[in-house]
Amino acid sequence: MIVIENVGLSSPACIKAPWLNRIKWGFLLGLMVLIYGSHAPLITLTKVDGHVPFSASSCVVMIELVKLLISLLSLLLAGGTSALCRPPDVLSVAPYAVPAALYSLNNNLVVLMQAYMDPSSFQILSNLKIASTALLYSLCLRKRLRPAQWLGLGLLVAAGVSHSYNTLDLVDPEGAEVKEGLHITAWGLFLVLVYCCVSGLAAVYTERVLKSQRLPLSLQNFYLYVFGVAINVLSSLTSLTSNKSFLEGFSGVVWVIVAGQAANGLLMSVVLKHGSGITRLFVISSSMLVNALLSWAMLGLQLSTSFLLPVSMIGLAAYLYYR
């Protein structure tokens, strides 16, 4: 270990370190926003005759498997194989099964909700998970937020709703612009609230586990994704919604999606370990804007002036929260 002694507050090393950390965090968060924002346009590029040619559950399993293999490789390179050679402490490892179970539950809720609401209603109401995550973050992790920070998070929710609603414009074959009707049942509203709460709980619980145990992040990721692979493989085997074989329809673009989402999951664990779940919310919200820009550039979708409203709201929200 390298120790630097007698480093004063005005020393070059002390002044340089914060700027290097800011550059690293800026690059990491920017990369995450780009990967999140490119996900939907890339999915669109894979479609054949308007349909996704691969099994979504197979894609999720491959993403979890890639994250597991990268975590194992990172652990081996760091010389942490001794932790794998001895029997694991059940009480230390068991908490890592909870996030995988929660995310798997949410994936199934998304499918179930389609019977009780239209996709547009889900797209709008799912922005409530920003509020649920912030509330659980404050309650479960005992983080007191200033009124200005709550206002910023409220703006983040409003920006998500505004952007989601503005993207509901459809164009019919005659070229006339139409608005898809929104409908949701009482059971659908209940399910979307459960979905938002489970999403927030999964993020907050994962952050708590990663920060409470003094283990290398590569080992923690290994535990997380062992359970992630096991639960998603089980879910895939018991699913009757797809008649496709496991890797059917996997093109080069699909493998890019797998690599990108695997990288994003690993980067998110860095954010939750050394940052906060609120930063995750700003990454996801900012990715909506990247999504719109990439859809304009890659798919030829038109952007209206209303696009500037959520952009401004997210910028103001970030200012209020981080000032």
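In the annotation of an unreviewed UniProt entry, the protein chain is listed under the name Solute carrier family 35 member A4 and assigned to Oryzias melastigma. The heading Sequence similarities (unreviewed entry) in the UniProt record of the protein chain holds the text "Belongs to the nucleotide-sugar transporter family. SLC35A subfamily." The Subcellular location (unreviewed entry) field of the UniProt record for the protein chain holds the comment "Golgi apparatus membrane".

## Observations regarding a nonpolar patch on the surface
Taken together, the side chains of Leu128, Ile184, Leu189 and Leu193 present a nonpolar region at the surface, about 300 Å² in accessible area. In this structure, Leu189 sits in helix H9 (residues 186–212). A relative accessible area of 40% places Leu189 in the partly exposed class.

## Re the nonpolar core
With 24 residues, the main nonpolar core has Met32, Tyr96, Leu210 and Tyr223 as its most contacted residues. Listing elements by their share of this core, those giving two or more residues are helix H1 (12–46), helix H2 (56–77), H9, helix H10 (217–238), helix H11 (252–274) and helix H12 (277–299). In terms of residues, this core owes the most to one element, H10, which gives 7 residues. Beyond its immediate chain neighbours, meaning those up to four positions away, Met32 contacts Asn264, Leu267, Met268, Val271 and Val283.

## Observations regarding the pattern of salt bridges
Following the criterion strictly, the structure yields 2 salt bridges and no others. A salt bridge links Lys67 to Glu64, with the nearest nitrogen and oxygen atoms 2.9 Å apart. A residue pair is termed a helical-turn pair when its members lie 3 or 4 positions apart in one helix, as Lys67 and Glu64 do in helix H2 at 3 residues. Note on accessibility: Lys67 and Glu64 belong to one class, buried. Glu207 is paired through a salt bridge with Lys211; the nearest N and O atoms lie 2.8 Å apart. With Glu207 and Lys211 both in helix H9 and 4 residues apart, the pair spans about one turn of that helix.

## So, the UniProt feature "transmembrane region" (unreviewed entry) in the protein chain
Under the present numbering, the feature "transmembrane region" (unreviewed entry) in UniProt falls on residues 25–45, 65–84, 148–166, 186–210, 222–240, 252–272, 281–299 and 305–322. The span residues 25–45 carries 100% helix and 0% strand; its end-to-end C-alpha distance comes to 30 Å. From the first C-alpha to the last, residues 281–299 spans 26 Å; its make-up is 100% helix and 0% strand.

## Things to note about the environment of Asn106
By the secondary structure assignment, Asn106 is in helix H5 (residues 97–113). For Asn106, a relative accessible area of 6% gives the class buried.

## Focus on helix H7 (residues 128–140)
Relative to the 18 Å expected for 13 residues at 1.5 Å per residue, H7 spans 18 Å between its end C-alpha atoms, a close match to the ideal helical length. Residues of H7 that are buried: Ile130, Ser132, Thr133, Ala134, Tyr137 and Ser138. On its buried face, H7 is in contact with helix H8 (147–166), H9, H12 and helix H13 (308–322). Positive backbone phi, approximately 55°, marks Arg142, located one or two places after H7.

## Considerations on H13
Given a rise of 1.5 Å per residue, 15 residues ought to cover 21 Å, and the 21 Å separating the end C-alpha atoms of H13 matches this to within 8%. Of all the positions in H13, only Pro310, Met313, Ile314, Ala317, Leu320 and Tyr321 are classed as buried. Relative to the axis of H13, the buried residues are bounded by an arc of 130° and lie together on one face. Away from its buried face, by an angle of more than 90 degrees, H13 presents the exposed residues Leu308 and Tyr319. Buried-residue contacts for H13 involve H7, H8 and H12.

About the thresholds
Residues numbered from 1 in each chain as written. Predicted model: local features only at pLDDT ≥ 70, side-chain atom pairs only at ≥ 80, totals over all residues. Heavy atoms only, no water. UniProt positions renumbered as here; feature names shortened; annotations may be inferred. Patch = residues over 30% accessible without salt bridge, like charges linked within 9 Å, V, L, I, M, F, W, Y side chains within 5 Å. Areas by Shrake-Rupley, 256 points an atom, 1.4 Å probe, with all protein chains shown as cover. Salt bridge = Lys/Arg side-chain N within 4 Å of Asp/Glu carboxyl O. Helix = DSSP H or I, 4+ residues; strand = E, 2+ residues; numbered from the N terminus. Buried < 20%, exposed > 50% of the residue type's maximum accessible area, 1.4 Å probe, protein only. Core = buried A, V, L, I, M, F, W, Y, C linked by side-chain atoms within 4.5 Å. Contact = heavy atoms within 4.5 Å. Expected span 1.5 Å × (residues − 1). Arc of directions from axis to C-beta.

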